[in-house]
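Examination of the molecular architecture
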Amino acid sequence: MHRIYRSHILICTGSGCPGAPIIVEALKEELIKRELENEVRIVQIGCPGFCSQGPLMIIYPEGILYCEVSPDDVPEIVEETIIKGRTVERLLYEDPIAAQLVTHYSEIPFYKKQKRVILKNCGLIDPENIDEYIAEGGYEALGKALFEMSPENVIEEIKKSGLRGRGGAGFPTGLKWEFTKNARGEKKYIICNGDEGDPGAFMDRSILEADPHSVIEGMVIAGYAIGVNEGFIYCRAEYALAIRHLKIAISQAMDYGLIGENILGSDFSFRITIKEGAGAFVCGEETALMASIEGRRGEPRTRPPYPAVKGLWGMPTNINNVKTYANVPRIILNGWEWFSSIGTETSKGTMVFALTGQINNIGLIEVPMGITLGEIIYDIGGGIPRGKKFKAVQTGGPLGGCLSTESLNTPIDYESLKETGAVMGSGGMIVVDEDTCMVEFAEYFLKFSTDESCGKCVPCRVGGKKMLEILNNITEGKGKLEDLDEIENLAKFMEQASLCALGQLTPGPVMSTLKLFRDEYVAHIVDKRCPAGQCISLITFYIDEEKCKGCGLCLKNCPVNAISGEKKKPHKIDIELCTKCGTCRDVCKFDAVYTK
Amino acid sequence: MPKIKSLEELRKLREETIKSMRVRKSTSTKITVGMGTCGIAAGAREVMHAILDELEKRKIDANVITVGCIGLCAEEPLVTIERGGQPGITYGKINVEKVPKLIEEHLIKGDIIDEWVISRG
Amino acid sequence: MERKINLEKANEIMKKHGNNPEKLIEVLSELNSEYGYLPKKVLKQVSKFFDLPLSRIYGTSSFYTMLVTEPLGENIIRFCENAPCHVVGAPEVLESLEKELGIKIGETTKDKKFTILTTSCIGICGVGPVMIINNDVYGNLKPEDIPRILANYK
């Protein structure tokens, strides 16, 4: 029933690789043309994480990795690799540090320091084929839980493992389950929070796309442990492919009787419904999310009561993040001792981060808790592009905070991040280099959070706007030193008086940049100067007479004719006319345009 | 799709599926088939299919890979078997009829068929 | 324009989902993609069908960014202005886009050909800056790419 092929060609068709479906089509055609369709199987996989090199192709049994593949490469790949067994060198990954070509998927430095527990199947199995998940040990944990463990045993196992919520706050998962189990209610629910909205966060999307069954299996196990028969997966509507894969996965699991009535012949039954969001960042907050499932505006309400006591339709509800559920089958199968052997004293297991921004290896990584920031940035991330210096990394999205060079040796876990003023959050890591203005960076996040405020409570709605006005003034050179005290005051109010985490954490990026880069704020206010040369109001463009060769490129490209000069002689910018668009700097081949 | 009614049935399904996924795992046995123009002309593709069928029938874990011409065109189809890190044994003029015996002797009994060997190591 | 709205399709969609209030967002989303936006006439019909006040229906429609209550242009450009794209050059690309079309974010061109909106981060940060036109995703954008891309839709 399962045909054996001599070779499998895996292509990442995750939504991070927009060009991949055309490659699949080209490959199908080529294989048919060469009568190889019965020998070589095309497997469409989810994201293996190495997004900066996509579209990716992995050819087994050799395990050859080809990067940035285009449809035009397909005939050559088939001719050389599939037929003649040779590698196409120009498509191999070149390690930027060792300047060497790397042939095999497993040898790439990007993967070496990772520990892939919940991403184990991502990039290995076909997410649209439940059999492949089962072949990798899928649903075995569910069977073990149902037939060899009591619901109490399961909760005990999760408690002992030390698993904490992967949505950001880090609440102990086993304890949360126990609260819901012990809460009184005629009906109870389980929700999977897949409303991943942080800019630069795509961990949950990738898992839902690449290994949807691991999340489903985790939810069914949670249902058995807590004594619940109904679950919802709330997923952003923007994640079209994740929703498609979830739907396929649920229907296949239903067909096999792995969800539905009498699972695996036991007397336990569990149903799962997918709920699509309609675009609202605040719906990632659990009470807002539940309001949205109920068909209302996604506005948060005060807690307590917590969802474990009064959740969906007023009933006890257990709500966990995608990654939390994905960890559950692994823990049940391998035991709590195994899980708690990974990580630090207080934070067990692994953490998945989405590495983005000014870093060489943009992508999805899974690392043991306790790894240092430096290892992530340099060993896995491959350092900062164009030889620039690392300046900071924003963790936890717009509601998080940043870490600077001082923290490069800090082992990362829930507690250490909190101490530095950043947060674990859901796992976004946005890296910026020395040319980034931290005031503008903070202003940018603040603008995001104030735009996303649902407007229900005053501290968030008004406090955020007020703080944004102050920051606007500072980046425009109209700031006063007293503004910094005012920011701190506002932040205190917002943290204490806002209804939900959105308002409470909105000041985060401002506060942490103010703590780490206070001198930059002061430079904007006192010297009316932007040290990174980014805040347009505070910079002026000049041409370095020594470097300028008089090629005329800037003159030709200036949209407002602010540049003058004779050919082969140094040019000049008329400051009065200049709109500071930066075109001259971009086009100059001699690095002669500078800002002050 | 029939429902899976017990943990045993789940495990059985898993055993069946694992085979089709084997190609994505490295095994200790590597079988290389020469697939240059010369090899294909001499019937290498049919030989490779026969090998795949035989491996499945005998439930043997092995990776089958293809290579281009190694210059011994007169001896095609060429099949090289490497096991457990040992140097490879290359057999020449393998045809579909010879495949079952080759798999039986070399991979199951562990005996090299000397008269078919054209190179060792 | 409002007068020409055919409610038959709307009734069909509502019937399919049923009038349980928890289905409201599903219904509105589907109506939104059917009509391109949520016309007042349709919202009134929804209010009747669910037996909920129009204010509740409108309140929900205006809360979610994927539901719109005004008609948009023929081609919808969703530009990503989120942090990972922002730090790799999105502002310059956006400027080029706005200049090319002569409109700002949230506006529609006079000929009703294009509307520029922002998209929340869809996590394809590996190829940023990114924009989506209708359902086509464009990555690794540079300001000079914009005229060529827009030409495909003119």
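These numbers come from a predicted model, not from an experiment.

Helix and strand counts for chain C come out as seven helices and four strands. Going from N to C terminus, chain C has its helices and strands arranged as α-α-α-α-β-α-α-β-β-β-α. Taken along its principal axes, the extent of the C-alpha atoms in chain C is 50 × 30 × 25 Å. Within chain C, the fraction of its 154 residues that count as buried is 51%. Pairs at least 24 apart in sequence give 58% of the contacts found in chain C among residues at least 6 apart.

All names here are of chain C. The predicted model of chain C has a mean per-residue pLDDT of 91, with 98% of residues at 70 or higher. Of all the helices and strands in chain C, strand E4 (residues 136–138) carries the lowest mean pLDDT, 85, while helix H3 (residues 40–50) carries the highest, 95. In the predicted complex, the global pTM is 0.89; the interface-specific ipTM is 0.89.

At the interface, 33 residues of chain B touch 46 residues of chain A. The contact between chain B and chain A buries some 3400 Å² in all, and 61% of this surface belongs to carbon and sulfur atoms. Looking only at chain B, the three residues that lose the most surface to chain A are Met1, Val23 and Arg24 of chain B, adding up to 21% of its buried area. Counting across the interface, chain B meets chain A through five salt bridges. The partner of Glu39 of chain A in a salt bridge is Arg45 of chain B, with the nearest N and O atoms 2.7 Å apart. For the interface between chain B and chain A, the tally reads 13 residue pairs in polar contact (both at pLDDT 80 or more). Listing elements by their share of the side of chain B that touches chain A, those giving two or more residues are helix H1 (7–21), helix H3 (44–58) and strand E2 (63–67) of chain B. The element contributing the most residues to the side of chain B that touches chain A is H1 of chain B, with eleven residues. Residues of the side of chain B that touches chain A, tallied by class, amount to 16 nonpolar, seven polar and ten charged.

A separate point is the domain arrangement of chain C. Per the domain assignment, the segments of chain C are domain 1 (7–63) and domain 2 (75–151). Relative placement of domain 1 of chain C and domain 2 of chain C: their C-alpha centres are 30 Å apart.

Right, let's get into unusual backbone geometry. All names here are of chain A. A cis amide bond links Tyr60 with the next residue in sequence, Pro61, at an omega value of 10 degrees. Mapped onto the fold, Pro61 is located in the loop between strand E3 (57–60) and strand E4 (64–66). Here the bond from Pro304 into Pro305 is cis, since omega is 0 degrees, no more than 30 degrees from zero. Among the structural elements, Pro305 can be located in the loop between helix H11 (286–293) and strand E10 (317–321). One non-glycine residue, Asn561, lies in the positive phi region at around 50 degrees. Examined against the element boundaries, Asn561 turns out to sit in the loop between helix H22 (553–557) and strand E17 (563–564). Take Asn561: its relative accessible area is 60%, and that puts it in the exposed class.

Chain A puts 45 residues into the contact, and the matching count from chain C is 32 residues. Of the roughly 2900 Å² buried between chain A and chain C on both sides combined, carbon and sulfur atoms contribute 59%. Here chain A is connected to chain C by two salt bridges. Residue Lys275 of chain A is joined to Glu26 of chain C by a salt bridge in which the shortest nitrogen-to-oxygen separation is 3.1 Å. For the pair chain A and chain C, the interface holds 19 residue pairs in polar contact (both at pLDDT 80 or more).

Here we take up the sheet that holds strand E8 (residues 230–235) of chain A. Residues and elements named next belong to chain A. Spatially, the four strands line up as an open sheet ordered E9-E8-E7-E10, and their pairing is parallel. Each end of this open sheet is capped by a strand with a single partner; those strands are strand E9 (271–276) and E10. Geometrically, the sheet is characterised by an average inter-axis angle of 20 degrees between neighbouring strands, direction not taken into account. Relative to E8, strand E7 (residues 189–194) runs parallel, the two being bridged by five bridges. Bridge pairing links Ile191 to Phe232 in E8. Against the sheet, helix H10 (residues 240–255) engages E8 and E9, with an angle of about 165 degrees to E9.

Cut-offs used in this document
Residues numbered from 1 in each chain as written. Chains lettered and ligands numbered in written order. Predicted model: local features only at pLDDT ≥ 70, side-chain atom pairs only at ≥ 80, totals over all residues. Heavy atoms only, no water. Helix = DSSP H or I, 4+ residues; strand = E, 2+ residues; numbered from the N terminus. Buried < 20%, exposed > 50% of the residue type's maximum accessible area, 1.4 Å probe, protein only. Contact = heavy atoms within 4.5 Å. pLDDT = per-residue confidence, 0-100. Buried area = accessible area lost by both parts, 1.4 Å probe. Salt bridge = Lys/Arg side-chain N within 4 Å of Asp/Glu carboxyl O. Polar contact = N/O pair within 3.5 Å; in protein donor to acceptor, adjacent residues only side chain to side chain. Nonpolar A, V, L, I, M, F, W, Y, C, P; charged D, E, K, R; others polar. Domains from an automatic or database assignment. Pairing = 2+ DSSP bridges. Axes fitted to C-alpha atoms, helices over the stretch in contact; angles between N-to-C directions.

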